[in-house]
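An overview of the molecular structure
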Amino acid sequence: MAYGVTSLVSTPAHAQPSAAAVVSPDTGPAGSTFTLSWTGVYLDPDCNDYTVRIVWDGKQVVGSGRHAGRGAGSGTGTVPAGASAGGHRVTAVPVCAATAYPTDSFTVIPTPTTTTRPPATTTTTPPPPVTTTTVPTTTAPTTRPTTTTTETTTTTTTDSSSSSAPVTTTKPFDGDGALTLDKDNIQPGDPLTATGTGCEPGSEVKLSSLGEDVGKARADGSGTFSTRVEFATIQPGRHVIRADCGIVLVGSVDVALTSSTSGTTSTLVVLVFFILVGALLLRRQFSALRRRT
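Reading the values: the criteria
- Residues numbered from 1 in each chain as written.
- Predicted model: local features only at pLDDT ≥ 70, side-chain atom pairs only at ≥ 80, totals over all residues.
- Heavy atoms only, no water.
- Buried < 20%, exposed > 50% of the residue type's maximum accessible area, 1.4 Å probe, protein only.
- Helix = DSSP H or I, 4+ residues; strand = E, 2+ residues; numbered from the N terminus.
- Pairing = 2+ DSSP bridges.
- pLDDT = per-residue confidence, 0-100.
- Contact = heavy atoms within 4.5 Å.
- Phe/Tyr/Trp six-rings, centres within 6.5 Å; stacked < 30°, edge-to-face > 60°.
- Core = buried A, V, L, I, M, F, W, Y, C linked by side-chain atoms within 4.5 Å.

On to the pairing of strand S14 (residues 204-209), then. Here S14 shows a clear split, with Val205, Leu207 and Ser209 buried on one side and none of Glu204, Lys206 and Ser208 buried on the other. As paired strands, S14 and strand S15 (residues 212-218) are joined by 6 bridges and run antiparallel to one another. Each bridged residue has a counterpart across the sheet, and for Lys206 the counterpart in S15 is Lys216. Counting the residues between successive antiparallel strands, the hairpin from S14 to S15 contains 2 residues, one of them, Leu210, with a positive phi of roughly 55°.

Further remarks concern the confidence of the model for the chain. Averaged over all residues, the pLDDT of the chain equals 76, while 71% of them reach at least 70. The least confident element of the chain, judged by mean pLDDT, is strand S10 (residues 157-158) at 42; the most confident is strand S13 (residues 193-197) at 95. Confidence drops under a pLDDT of 50 for residues 1-15, and excluding neighbours within four residues, the segment shows 53 contacts in the predicted structure. Contacts of residues 145-174 to residues separated by more than four positions or lying in other chains number 39 contacts, the stretch itself having pLDDT below 50.

Here we take up the packing of aromatic side chains. Applying the stated criterion to the full structure yields 4 aromatic pairs. Aromatic pair Phe34 and Phe106: ring centres 5.5 Å apart, planes at 40°, arrangement tilted. One end of the pair, Phe34, is in strand S3 (residues 33-39); the other, Phe106, is in strand S8 (residues 103-108), with 72 residues separating them in the sequence. On the basis of relative accessibility, which here comes to 2%, the residue Phe34 falls in the buried class. Both rings, one in Phe273 and one in Phe274, keep their centres 5.7 Å apart while their planes meet at 70°; by these two values the pair is edge-to-face. Comparing Phe273 with Phe274, the two get one shared label, exposed.

This part covers the nonpolar core. Core analysis: the largest hydrophobic core is formed by 21 residues, its most contacted members being Leu192, Val205, Leu207, Phe225, Val229, Phe231 and Ile241. Only strand S11 (178-181), S14, S15, strand S17 (237-244) and strand S18 (248-255) provide two or more residues apiece to this core. When residues in this core are grouped by element, the largest group, 3 residues, is from S18. In contact with Val229, other than residues within four places in its own chain, are Leu192, Ala194, Leu207, Val214 and Ile241. Grouped together as the second largest cluster of nonpolar side chains are 16 residues, Ile54, Trp56, Ala83 and Ala92 included.

Looking now at unusual backbone geometry. Omega for the bond connecting Ser24 with Pro25 falls within 30 degrees of zero, at -10°, which places this linkage in the cis form. Take Pro25: it is sitting in the loop between strand S1 (20-24) and strand S2 (27-28). Positive phi values are uncommon outside glycine, yet Asp57 reaches one of about 55°. Relative to the helices and strands, Asp57 resides in the loop between strand S4 (51-56) and strand S5 (60-69). Take Asp57: its relative accessible area is 13%, and that puts it in the buried class.

Printed below as a string of structure tokens:
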């Protein structure tokens, strides 16, 4: 389940705290870990699975946790290796949820790069050797002056290192998918239509409720689909509907049974009232006849 977690879930009849999530730390590079804690999350009473998936940008499961009761819990996730720099959504998605999913934001920072310069290279040329020459004469020894040639040593240092700043491209946040049902409450036999967004274009969509297939469709070029939801068997109460199209979208609907007891009771009360009134009138007529006789 990317488990895409922006889902439309009908509000329970009794008051419950709003779902909320906190990610810690809320910044870090790709590959770093974080902890997601949540409160105000209540499970579907028809399901006993307390597993909570941690979903990145409504599409990728990056960790998991466990629901601890009283609407609270926590889990650990890892920032995807290919996550772009900038803001992203981190959402707690329980397998069995009766309330909206809590979400918080995490900011990915670029991984710092380190450039090491190579050591400087020094080139030294040694001077040529000194040569001394003596020329003899017949009259007197003559000593020519010594000529010394010294070549200046040249030292060349070349720094061949070069560095360029990394270029970071930030993708805009494209939002989460959602599953919308055209009715919040239905009775057995009523039509129900599900509309979803955020799927992969052209992907196959399968809808299920409590392990039963209730519909299928195919997403169009914009990742949107719409199809009718049909229950083979239906019981009164809340039914959670899941649409799987590469990510998982979740919605719920309440099923109620119509009772005719109140109408029958009202008719019976009116009938008894008229019977009593008629009996009272007959009694008064008999009493008047007896007085006359």
